[in-house]
Amino acid sequence: MRIAIDTMGGDFGPRATLRGTASALLRDSRLCATLVGPKHLLDAELDSLPASLSHARERLQTLAVDGIVASDARPSRVLRGREPSSMSEALRLVASGHADACVSGGNTGALMALAMREVGRVVGVERPAICAAVPTRGARPCHLLDLGANVEVAPRHLLAFARMGALRCRLLEGVERPRVGLLNVGVESGKGTTQVREADALLASAGEDFDYLGFVEGGELFSGTLDVVVCDGFVGNIVLKSSEGLAQMLAAQLGDTLAASWRARLMAWLARPALARLTREMDPVRYNGASLLGLAGVVVKSHGGATGDGFSFAVTRAAHEAHQQLPVYLAAGMTHASDIEGAVESPKKELDK
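So, a few notes on the structure that sits alongside this text. Treat the numbers as computed from the prediction; the structure is a model and nothing was measured.

**Side note on the overall build of the protein**
The secondary structure content of the protein amounts to 12 helices and 11 strands. Taken across its 353 residues, the protein has 51% of its residues classed as buried. Within the protein, counting contacts between residues at least 6 apart in sequence, those at least 24 apart form 75% of the total. Accessible area for the protein stands at about 16900 Å²; split by element, carbon and sulfur atoms hold 54% of it.

This is the structure in structure tokens:
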């Protein structure tokens, strides 16, 4: 299985993406990767791979591309550009069948726009969504979507997001009937915007292969009682970024508290196994990698601020989705849902707004 890597996305450049990719390859002997980016930078990073990662080098190929998508580039301008970029060429490897998945830590809007152009959408999906797994108090994570691809949505889009999220959860987590909730400002039927209330009615009457639990509030996202939570991209992105900030603050405060006195340090030493387990389970690095759900190929967005360790988990996530043939599974599920409704609305080619 081959993963195409946009090495120039993210805050730390090709060193983090290349070393993260090498780490993922060492964890899975079935994987190989094509590193896309400027040749002189890739050669330099390959030559400086630490000894612990050097065994992965024989499974790393390079594709020389000098163009780079800037972190602040407008998606519309990127689409109009003629110069190939590390992002566009990595996506083309997936579209041409030369790679099974693509991972990028670059500009999210540009990645979605280019992916829709190069890779295309699953039949029956009007708007792809960004979906990520978030840790919960339960035995499995919760799948949250959309996380920023669709700021303005219609009720039918929220229904489609619920379907895609449930299908992803069923395939990757093995949940036969995922529990789905619609994020709202309250659980009462009269609360929320018109679009959310209309989406609630659609979900309640859709007759899907998931259990729709109605409106949920933000705190329930981490309770372990839900498998999928649906919202528009504006709300979802704020929820995700706020959660990341809260996790960082709590980790910092915990560290400061445990180092405040000799008694606290002694308690920390005694609780070391439990603290290590908690840190491992809640580490946001392990959850890095959001799926661009609804595309005809596997495309995973790594957090722009991910280090090599974080990027490696995004590569592993992409490989898992490709191995499970997630786009094929989505296509079958979305087509089945459209057949039940009796009609399929023609997709609109909205690459950028």
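**Digging into the side chain of Ser 104**
One can find Ser 104 in strand β4 (residues 101-104). Judged by its relative accessible area of 1%, Ser 104 falls in the buried class. Here Gly 106 takes part through its backbone nitrogen, which lies 3.0 Å from a polar atom of the side chain of Ser 104. Each residue touching Ser 104, except ones within four places of it in the same chain, is listed here: Asp 6, Met 87, Leu 111, Val 300, Lys 301 and Ser 302.

**Structural notes on helix α2 (residues 39-47)**
Considered for burial, the residues of α2 that qualify are Leu 42, Glu 45 and Leu 46. What you see down the axis of α2 is that its buried residues fit within an arc of 100 degrees, all on one side. Of the exposed residues in α2, the ones pointing more than 90 degrees away from its buried face are His 40 and Asp 47. Contacts made by the buried residues of α2 are with α1 (13-27), β2 (32-37) and β3 (60-64).

**A word on the sheet that holds strand β11 (residues 298-301)**
Strand order across the open sheet formed by 11 strands is β3-β2-β1-β4-β11-β10-β5-β6-β9-β7-β8, with mixed pairing between neighbours. The strands lining the two open edges of the sheet, one partner per strand, are β3 and β8 (211-216). Sheet twist, expressed as the mean angle between neighbouring strand axes with direction ignored, is 25 degrees. With five bridges connecting them, β2 and β3 associate as parallel partners. Counted as the bridge partner of Thr 34 is Gln 61 from β3. Against the sheet, α1 touches β1 (2-6), β2 and β3, its axis set at about 175 degrees to β2.

**Section: the packing of α1 against helix α11 (residues 308-323)**
It is the contact of α1 with α11, at a shortest axis distance of 7 Å, that shows an interaxial angle of 55 degrees. What the angle tells us is that α1 and α11 run oblique. Our pair here, α1 against α11, has a crossing hand that is right-handed. Seen from α1, the contacting residues are Ala 16, Thr 17, Gly 20, Thr 21, Ser 23, Ala 24 and Arg 27; seen from α11, they are Gly 308, Phe 311, Ser 312, Phe 313, Val 315 and Thr 316.

**Digging into the nonpolar core**
Counting 39 residues, the largest nonpolar core has Val 69, Met 87, Leu 91, Leu 114, Val 229, Leu 292 and Val 299 as the members making the most contacts within it. Here this core takes seven residues from helix α5 (residues 108-118), the largest share from any one element. The contacts of Leu 91, once residues within four sequence positions are left out, are Cys 102, Leu 111, Leu 114, Ala 115, Glu 118, Val 119 and Val 299. Core analysis: the second largest hydrophobic core is formed by 33 residues, Val 125, Leu 158, Ala 160 and Cys 169 among them.

**Looking at the packing of aromatic side chains**
By the definition in use, this model includes zero aromatic pairs. Above the face of the Phe 313 ring, Arg 27 is positioned so that its terminal group lies 4.9 Å from the ring centre.

**Remarks on the environment of Ile 238**
On the secondary structure map, Ile 238 appears in helix α8 (residues 233-258). Classification of Ile 238 by relative accessible area gives partly exposed; the value is 43%. Distance from Ile 238 to Leu 147, taken between C-alpha atoms, is 8.1 Å for residues 91 residues apart in sequence.

**Here's the deal with the pairing of strand β6 (residues 142-145)**
Of the two faces of β6, both are covered, the one formed by Cys 142 and Leu 144 as well as the one formed by His 143 and Leu 145. The sheet contact formed by strand β5 (residues 129-134) and β6 spans four bridges and is antiparallel. What sits directly across from Ala 132, in β6, is Leu 144. Here three bridges tie β6 to strand β9 (residues 228-230), and the two strands are oriented parallel to one another. If you follow His 143 over to β9, its bridge partner there is Val 228.

**Quick word on unusual backbone geometry**
Backbone phi values are negative for most residues with the exception of glycine, while trans is the configuration of most peptide bonds. Here the amide bond leading from Leu 145 into Asp 146 is cis, since omega sits at 5 degrees, within 30 degrees of zero. Among the structural elements, Asp 146 can be located in the loop between β6 and α6 (155-173). The phi torsion at Gln 325 lies on the positive side, around 55 degrees, for a residue other than glycine. Its location among the elements puts Gln 325 in the loop between α11 and α12 (326-341).

**Details of the pattern of salt bridges**
On inspection of all chains with the given rule, the structure shows 13 salt bridges. Glu 89 serves as the salt-bridge partner of Arg 92, at 2.4 Å between the closest nitrogen and oxygen. Of this pair, Arg 92 and Glu 89 both sit in helix α4 (residues 86-95), three residues apart, which is roughly one turn of the helix. Here Arg 92 falls in the partly exposed class, since its relative accessible area comes to 33%. For Glu 89, a relative accessible area of 16% gives the class buried. Of the charged contacts in the structure, one is a salt bridge between Arg 156 and Glu 126, with a shortest N-O distance of 3.1 Å. With Arg 156 in helix α6 and Glu 126 in the loop between α5 and β5, the pair connects residues that are 30 residues apart, well separated along the chain. The class for Arg 156 is partly exposed, based on a relative accessible area of 32%.

Cut-offs used in this document
Residues numbered from 1 in each chain as written. Predicted model: local features only at pLDDT ≥ 70, side-chain atom pairs only at ≥ 80, totals over all residues. Heavy atoms only, no water. Helix = DSSP H or I, 4+ residues; strand = E, 2+ residues; numbered from the N terminus. Buried < 20%, exposed > 50% of the residue type's maximum accessible area, 1.4 Å probe, protein only. Contact = heavy atoms within 4.5 Å. Areas by Shrake-Rupley, 256 points an atom, 1.4 Å probe, with all protein chains shown as cover. Polar contact = N/O pair within 3.5 Å; in protein donor to acceptor, adjacent residues only side chain to side chain. Arc of directions from axis to C-beta. Pairing = 2+ DSSP bridges. Axes fitted to C-alpha atoms, helices over the stretch in contact; angles between N-to-C directions. Parallel < 35°, antiparallel > 145°, perpendicular 65-115°, else oblique. Left-handed = near helix turned anticlockwise from the far one by under 90°. Core = buried A, V, L, I, M, F, W, Y, C linked by side-chain atoms within 4.5 Å. Phe/Tyr/Trp six-rings, centres within 6.5 Å; stacked < 30°, edge-to-face > 60°. Lys NZ or Arg CZ within 6 Å of the ring centre and 35° of its normal. Salt bridge = Lys/Arg side-chain N within 4 Å of Asp/Glu carboxyl O.

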